[in-house]
Amino acid sequence: MNAHQIREQFPILKQHVNGHPLVYLDSAATSQKPSSVIQAVTDYYEGYNANVHRGVHTLGSKATDAYEGARDKVAQFINAEFSSQIIFTRGATSAINLVASSYGVSVCGPGDEIVLTPMEHHSNLIPWQQLAKKTGATLKYIPLQDDGTIDLKDVEATITDQTKIVAMVYVSNVLGTINPMEQVAEIAHRHGAKLVVDGSQSTPHIAVDVQQLDCDFYALSGHKMCGPTGIGVLYGKKDLLEQMEPIEFGGEMIDHVDLFDSTWKELPWKFEGGTPLIAEAVGLSAAIDFLNDIGMDAIHQHEMQLAHYAMEKMTKMDGIEIYGPKTERSGLITFNLADVHPHDLATVVDAYGIAIRAGHHCCQPLMRWLNVSSTARASFYMYNTEDDVDRLIEGLVKAKEYFSDAIG
Amino acid sequence: MLLDDLYRRVIMDHYKNPRNRGTLDHDVITINLNNPTCGDRITLQMQIEDGVIQSAKFDGEGCSISISSASMMTDAVKGKTVKEALEIADRFSKMMQGELQEFEYEDIEALSGVNKFPARIKCATLAWNAMKKGTTNSTSS
Ligand SMILES: Cc1ncc(COP(=O)(O)O)c(C=O)c1O
C-alpha cells in the first residue's frame, strides 16, 4: 500500500490551510472522500436520479438497481448472510436508536438488565438510558481496567440471566481499545442476551465478519469509511429483524394500506420508510469498492505502522499523557500535553495546517473516568503518511513552546 | 502571526493568574454552565444586593480563552449594577461578532482577536452567559 499515491485520490487533501499544506488527523470524526466516491454521487445525480421501488421508467430502474446493489455490497463487505439483513439508516446513531426503540422496547421490562461499558460513545449510551427509563430495565456497566481495556472476568461477572441486551463499542473512538467481541458474544448468548455492536470505528479500519463475531446487531457509519455523510447501516440477525416492529411509518415501507390498518413490506424495506438515502447509498457502495481495492488488512497494517511511529515519538515528549492501551489498539492516539489545554493545542496546530480533534469526543462518562475534562486526539487513515506524523510532532513542540513563552 | 492576535499577553496573564477564582461563602447566586461541544464548565457565584453585584467568583475547567474571559468578566462586573453589567455583556457579544473593536476595559479588548477564530467564540462567551443567566434569575426572583 502506497499512502502517497492513495492520498492523490483525495482532492481535499491537496489544499493549504492557514498557509500550510493540510495535515488531516481527524478521520475518527469523519473520513475524507476519494474522487471515486464524489464522482459516484455526481454520476447518480447527473445520470439516473429517480425515486426507487416506484417508477416503471428507465431511470427509476437504474436507481433501484444501484440502491439495492449498494445493499448487496455492504452485505458482502461485513459478510452478512443475506442482503435483507442490511438496513440503511441515517448513520450509526440512528441504527442503534432503531434497535433500542424497536427490539429493546419489545424485550425489556422491570428487572431486566442492559449491560454497557463506560467507554461508549453517547450514541451507544443515551438510547439505552432512555430505554431503561421507559421500560424500567436496569443499566449495568462492565468496569474498565486501568489501561482502558475490559477483562473477560468482569464481563462474566456483569452479564446475568436477567441481561437482555449487551451493547458495546468494537473499537473505542477515544482509547483505541479493540474489544474482544467474539468472546463477549459467547458470554452474552450463554445468558440468553443479545449483543449490539457499535461498529463505527471498526468497519473503516479492520476487516469485519459479522457471522464470525456472531453479534446480533451491528451498527456502522458510512461517513467514517470514505462514504458520504448521512448514511449508516444496521445489520441484524434475520429472525430478530423479522420479529421487530418498524419505528418509522409512511411510504415505501408498506405492503397494504387501508383506512384503519396497514401491513408492512418484508425485510429490509419495512424499516426504510420514506424515500431512502439513494445518493448516499450509491456513494457508500463506491467507498466500499475503494476500501476493497486497497484491502482492509493493508489499511489496518498501514495505520498500525503510523500509530506505532507516532507513539514512539510522542511518548518521548515531556509532559505528555497518552490514554488507552499501549498495544493491541487502533490507529488513533488520544492525549494531553501538560500546561496546554486541548482546545488551545488544537488552535495552535491548526495555525500550522494540522487538523486534530479536541474535546470530550462524545464520551463524557469516559472523560470522567480518565479524570479529565477534555483531551486532544490524532486519528489516522490510509491517506496519512509518516510526514503527517512528523508535522504533528513539530506542531506539538511549537504549541508547548508557544504556551511556555506566552505564559512566561 | 494570527496566533499572537488570539493569545495576547494579557490573556495569558489572566489564564496563568486568574482573578476571582474560588467560591463565595455567603448567600449567593450560583450558576453552573457548560459548553456541551467541548466539555468546558464554569461555576459562577455572585452576591447581588439592591441590584448591585457586590462580588463575583468563578471556578471551573477550561482553555486559556474561557478562563481568562471569566477572570476579566468577574473583574469588570464587580461593583456594577445588574443593568450596567448586562450592558457590558452586550458590548462583549458585539465585540465577539466583530461589530465592535474598542472596549472600555483594556484587558477585555484583548479578547477581540477571538472573533477571527469562530470555533473559540463559545469559549470566550461562556462566563458572560453565566453572568447573564445569574442576573436574570436575581431580577426575576
Ligand atoms: C464509536 C462511535 N459510535 C457512534 C458514532 C456516531 O456515528 P454517526 O455519526 O454515524 O451517527 C461515532 C462517531 O462519532 C463513534 O465514533
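Please read all numbers here as calculations on a predicted model, not as lab measurements.

Quick word on the overall build of chain A
Here is step 1 of the chain: Scanning chain A from N- to C-terminus turns up 14 helices and 17 strands.
Here is step 2 of the chain: Taking 22 Å as the expected radius of gyration for a compact globule of 408 residues, we find that chain A reaches 22 Å, a close match to that expectation.
Here is step 3 of the chain: The C-alpha extent of chain A, read off along each of the three principal axes, is 75 × 55 × 35 Å.
Here is step 4 of the chain: The buried share of chain A, reckoned over its 408 residues, is 58%.
Here is step 5 of the chain: In chain A, of all internal contacts separated by at least 6 residues, the share reaching a separation of at least 24 is 71%.
Here is step 6 of the chain: For chain A, the accessible surface area stands at approximately 16,200 Å², while carbon and sulfur atoms represent 49% of it.
Here is step 7 of the chain: Charged side chains of chain A number 30 positive and 52 negative; the gap between the two group centres comes to 3 Å.

Brief notes about the domain arrangement of chain A
Residues and elements named next belong to chain A.
Here is step 1 of the chain: The domain architecture assigned to chain A consists of domain 1 (3–25 + 295–407) and domain 2 (37–293).
Here is step 2 of the chain: Across the boundary between the two partners, domain 1 contributes 32 residues, which contact 34 residues of domain 2.
Here is step 3 of the chain: Taken together, both faces of the contact between domain 1 and domain 2 bury some 2,400 Å²; the carbon and sulfur share is 67%.
Here is step 4 of the chain: Scanning the region where domain 1 abuts domain 2 turns up zero salt bridges.
Here is step 5 of the chain: Our count for the contact surface shared by domain 1 and domain 2 stands at 12 residue pairs in polar contact (both at pLDDT 80 or more).

Here we look at the environment of Leu366 of chain A
All names here are of chain A.
Here is step 1 of the chain: Turning to its location among the elements, Leu366 is positioned in helix α13 (residues 364–370).
Here is step 2 of the chain: Measuring from C-alpha to C-alpha, the distance between Leu366 and Arg54 comes to 46 Å, with 312 residues separating the pair along the chain.
Here is step 3 of the chain: Leave out the neighbours within four places in its chain, and Leu366 touches Pro118, Met119, Leu144, Val174 and Leu175.

Things to note about the sheet that holds strand β14 (residues 332–337) of chain A
Residues and elements named next belong to chain A.
Here is step 1 of the chain: Here we have four strands laid out as an open sheet, ordered β13-β14-β17-β16, and antiparallel in their pairing. The two strands at the open ends of the sheet, each matched to only one other strand, are β13 (320–323) and β16 (357–359). Recorded for the sheet is a direction-independent mean angle of 30° between the axes of neighbouring strands.
Here is step 2 of the chain: Two elements, β13 and β14, share four bridges in a ladder whose sense is antiparallel. If you follow Glu321 over to β14, its bridge partner there is Asn336.
Here is step 3 of the chain: Running at roughly 160° to β16, helix α12 (residues 342–351) makes contact with β14, β16 and β17 (375–379) of the sheet.

Some points on the pattern of salt bridges
All names here are of chain A.
Here is step 1 of the chain: This model, assessed by the stated rule, comprises 22 salt bridges over all chains.
Here is step 2 of the chain: With a closest N to O distance of 3.8 Å, Asp151 and Lys153 form a salt bridge.
Here is step 3 of the chain: On the accessibility criterion, Lys153 (63% relative accessible area) is exposed.
Here is step 4 of the chain: Asp214 is the salt-bridge partner of Lys237, the closest N and O atoms lying 2.9 Å from each other. With Lys237 in the loop between β10 (232–236) and α9 (238–243) and Asp214 in the loop between α8 (210–213) and β9 (217–221), this residue pair connects regions lying 23 residues apart in the sequence.
Here is step 5 of the chain: Residues participating in the shared-partner salt-bridge network are Glu68, Arg71 and Glu272.

Examining the pairing of strand β2 (residues 41–49) of chain B
Residue and element names in this part refer to chain B.
Here is step 1 of the chain: Direction of pairing for strand β1 (residues 29–34) relative to β2: antiparallel, over a ladder of six bridges. For Asn34, the partnering residue across the bridge sits in β2 and is Arg41.
Here is step 2 of the chain: Counted between consecutive antiparallel strands, the loop separating β1 from β2 contains six residues, among which Gly39 sits at a positive phi close to 95°.
Here is step 3 of the chain: Judged from the nine bridges that link them, β2 and strand β3 (residues 52–61) form a sheet pairing that is antiparallel. Bridging from a neighbouring strand, Gln47 pairs with Ser55 of β3.

Structural notes on the site of the ligand
All names here are of chain A.
Here is step 1 of the chain: The ligand sits among 13 residues. The nearest are Thr93, Asp198, Gln201, Ser221 and Lys224.
Here is step 2 of the chain: For the ligand, an oxygen atom lies 2.9 Å from a polar atom in the side chain of His223.
Here is step 3 of the chain: In isolation the ligand has 400 Å² of accessible area, and contact with the protein removes 86% of it.
Here is step 4 of the chain: Classifying every residue of the shell around the ligand by side-chain character gives two nonpolar, nine polar and two charged.

Some remarks on the packing of helix α2 (residues 35–48) of chain A against helix α10 (residues 278–294) of chain A
When two helices pack together, you describe them by how their axes are tilted relative to each other and by the distance separating the axes.
Residues and elements named next belong to chain A.
Here is step 1 of the chain: Orientation of α2 relative to α10, taken along the N-to-C sense of each, is 145°, at an axis distance of 8 Å. Classified by chirality, the crossing of α10 by α2 is right-handed. Taking contact as the criterion, the partners of Ser36, Val37, Ala40, Val41, Tyr44, Tyr45 and Tyr48 in α2 are, on α10, Ile278, Ala279, Val282, Gly283, Ala286, Ala287 and Phe290.
Here is step 2 of the chain: Partitioned by chemical class, the residues of the contact of α2 with α10 number 12 nonpolar, two polar and no charged.

Here we look at the interface of chain B and chain A
Here is step 1 of the chain: Every contact between the two is made by 22 residues of chain B and, on the other side, 18 residues of chain A.
Here is step 2 of the chain: Here chain B and chain A share one salt bridge between them.
Here is step 3 of the chain: Run the count over chain B and chain A and you get 11 residue pairs in polar contact (both at pLDDT 80 or more).
Here is step 4 of the chain: Elements represented by at least two residues in the side of chain B that touches chain A include exactly α1 (2–6), α2 (9–16) and α3 (64–77) of chain B.
Here is step 5 of the chain: The leading source of residues in the side of chain B that touches chain A is α2 of chain B, at four residues.
Here is step 6 of the chain: Grouping the amino acids of the side of chain B that touches chain A by side-chain chemistry returns 12 nonpolar, four polar and six charged.

Scoring rules and cut-offs
- Residues numbered from 1 in each chain as written.
- Chains lettered and ligands numbered in written order.
- Predicted model: local features only at pLDDT ≥ 70, side-chain atom pairs only at ≥ 80, totals over all residues.
- Heavy atoms only, no water.
- Helix = DSSP H or I, 4+ residues; strand = E, 2+ residues; numbered from the N terminus.
- Rg over C-alpha atoms; globule rule 2.2 N^0.38 Å.
- Buried < 20%, exposed > 50% of the residue type's maximum accessible area, 1.4 Å probe, protein only.
- Contact = heavy atoms within 4.5 Å.
- Areas by Shrake-Rupley, 256 points an atom, 1.4 Å probe, with all protein chains shown as cover.
- Lys, Arg positive; Asp, Glu negative; His and termini not counted.
- Charge placed at Lys NZ, Arg CZ, Asp CG, Glu CD.
- Domains from an automatic or database assignment.
- Buried area = accessible area lost by both parts, 1.4 Å probe.
- Salt bridge = Lys/Arg side-chain N within 4 Å of Asp/Glu carboxyl O.
- Polar contact = N/O pair within 3.5 Å; in protein donor to acceptor, adjacent residues only side chain to side chain.
- Pairing = 2+ DSSP bridges.
- Axes fitted to C-alpha atoms, helices over the stretch in contact; angles between N-to-C directions.
- Near = heavy atom within 4 Å.
- Nonpolar A, V, L, I, M, F, W, Y, C, P; charged D, E, K, R; others polar.
- Left-handed = near helix turned anticlockwise from the far one by under 90°.

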